[in-house]
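# Residue-level structure breakdown
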Amino acid sequence: MKTKVFFLLPMFLLFLGCSSDNDTPEKETLKPVTYEVLLFEFTADTGNNSSRLHYEIKYTNPNEVAVKGTSSVTANYNGLILTPIKRVPPYIEIGANSTYTEVYNVESPHDTQSLSPEQIKTYYIKFVSAEFVFAID
């Protein structure tokens, strides 16, 4: 009797202890989210001692599943290429095969202590690139 239990117990544990590879769903490789610049406009002097940056960027999710993440917009600020860091959360959620349009419209006062009117008029901001960065769960 002891020998039967001795041989059957390892076989029993072997069948119950091994998990099937079919139990865990396979993670789908996500395609990158694409973007389209609908509007990018910088006004160096609005006439109110301020400048204005206004842009609209449409992000398209080509995946069959919803995605969550944040956008990253890189611009040329008077010759200096910068990608401002955004505070997250909140994250942007884009549904499966859907789009999301990010709208940024900010007017900022000039630093008249540091900049002359000529410097203000020649200041520029130009669009370089955009990216949608997936959030990691």
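See the structure printed just above.
Residue positions are given per chain, counted from 1 along the sequence in the order it is written. The predicted origin of the model limits local features to residues at a pLDDT of at least 70 and limits the giving and counting of side-chain atom pairs to 80 or more, whereas totals for whole chains, interfaces and linings rest on all residues. Calculation of side-chain values draws on the structure's entire complement of heavy atoms; hydrogens and water are dropped beforehand.

## A short note on the overall build of the protein
Broken down by element type, the protein carries 2 helices and 7 strands. Where helices and strands are cited, they refer to DSSP runs of H or I of at least four residues and of E of at least two residues respectively, numbered from the N terminus. The secondary structure elements of the protein, listed N-terminal to C-terminal, are α-β-β-β-β-β-β-α-β. Per-residue burial for the protein yields a buried fraction of 22% across its 137 residues. Here a residue-residue contact requires only that any non-hydrogen atoms of the pair lie within 4.5 Å. Sequence separation of 24 or more characterises 74% of the internal contacts of the protein that already satisfy a separation of 6 or more. Under the convention used here, a 1.4 Å probe and the Shrake-Rupley method define accessible areas, while residue burial counts only the protein chains that appear. Per element, the accessible surface of the protein, about 10,400 Å² overall, is 57% carbon and sulfur. Classification of residues uses two cut-offs on accessible area relative to the type maximum, computed with a 1.4 Å probe and protein chains only: under 20% is buried, over 50% is exposed, and between them is partly exposed.

## A closer look at the environment of Asn-78
Turning to its location among the elements, Asn-78 is positioned in the loop between β3 (67-77) and β4 (80-82). Looking at Asn-78, the relative accessible area reads 40%, which means it is partly exposed. Separated by 48 residues in the primary sequence, Asn-78 and Lys-126 place their C-alpha atoms 8.2 Å from one another. Not counting chain neighbours up to four residues away, the residues in contact with Asn-78 comprise Thr-122, Tyr-123 and Tyr-124.

## Let's talk about the nonpolar core
One broad rule of soluble globular proteins: the nonpolar side chains tend to lie buried together. Grouping buried Ala, Val, Leu, Ile, Met, Phe, Trp, Tyr and Cys residues that are joined through side-chain atoms within 4.5 Å yields what is termed a nonpolar core. Ranked by size, the top nonpolar core spans 16 residues in total, and within it Val-33, Ile-57, Tyr-59, Val-73, Ile-94, Ile-125 and Phe-132 carry the most contacts. Among the secondary structure elements, those contributing two or more residues to this core are β2 (50-60), β3, β5 (92-94) and β7 (125-134). In contact with Ile-125, not counting residues within four places along its chain, are Phe-40, Phe-42, Leu-53, Ala-75, Asn-76 and Tyr-77.

## Describing the packing of aromatic side chains
In this analysis, rings of Phe, Tyr and Trp, with Trp reduced to its six-membered ring, are considered paired at centre separations within 6.5 Å, and the interplanar angle assigns stacked below 30 degrees, edge-to-face beyond 60, and tilted for intermediate values. Tallying each qualifying case throughout the model produces 7 aromatic pairs. Measuring from centroid to centroid gives 5.1 Å for Tyr-55 and Tyr-104, while their planes differ by 15 degrees, and the two rings are stacked. Linking Tyr-55 in strand β2 with Tyr-104 in strand β6 (residues 99-109), this pair joins segments that are 49 residues apart in sequence. Exposure remark for Tyr-55: the relative accessible area of 6% places this residue in the buried category. Taking the centre distance of 5.8 Å and the plane angle of 75 degrees together, the rings of Phe-132 and Phe-134 count as edge-to-face.

## Comments concerning the side chain of Ser-71
With respect to the helices and strands, Ser-71 occurs in strand β3. One polar contact links Ser-71 to Lys-86, side chain to side chain, over a distance of 2.5 Å. N or O atoms within 3.5 Å of each other form a polar contact, as long as, within protein, one can give a hydrogen and the other can take it, and as long as residues adjacent in sequence are counted only when both atoms are side-chain atoms. A distance of 2.9 Å separates the side chain of Ser-71 from the side chain of Glu-102, its partner in a polar contact.

## With respect to the pairing of strand β1 (residues 34-43)
Strand residues, when the strand is regular, have side chains that alternate between the two faces of the sheet. Pairing between strands is defined by DSSP: at least two bridges between the two strands are required. The sheet contact formed by β1 and β2 spans 9 bridges and is antiparallel. Looking at the pairing, Leu-39 lines up with Glu-56 of β2.

## A closer look at the environment of Phe-42
Counting through the fold element by element, Phe-42 comes out in strand β1. Once residues within four sequence positions are removed from consideration, Phe-42 is found in contact with Ser-51, Arg-52, Leu-53, Tyr-123, Tyr-124 and Ile-125.

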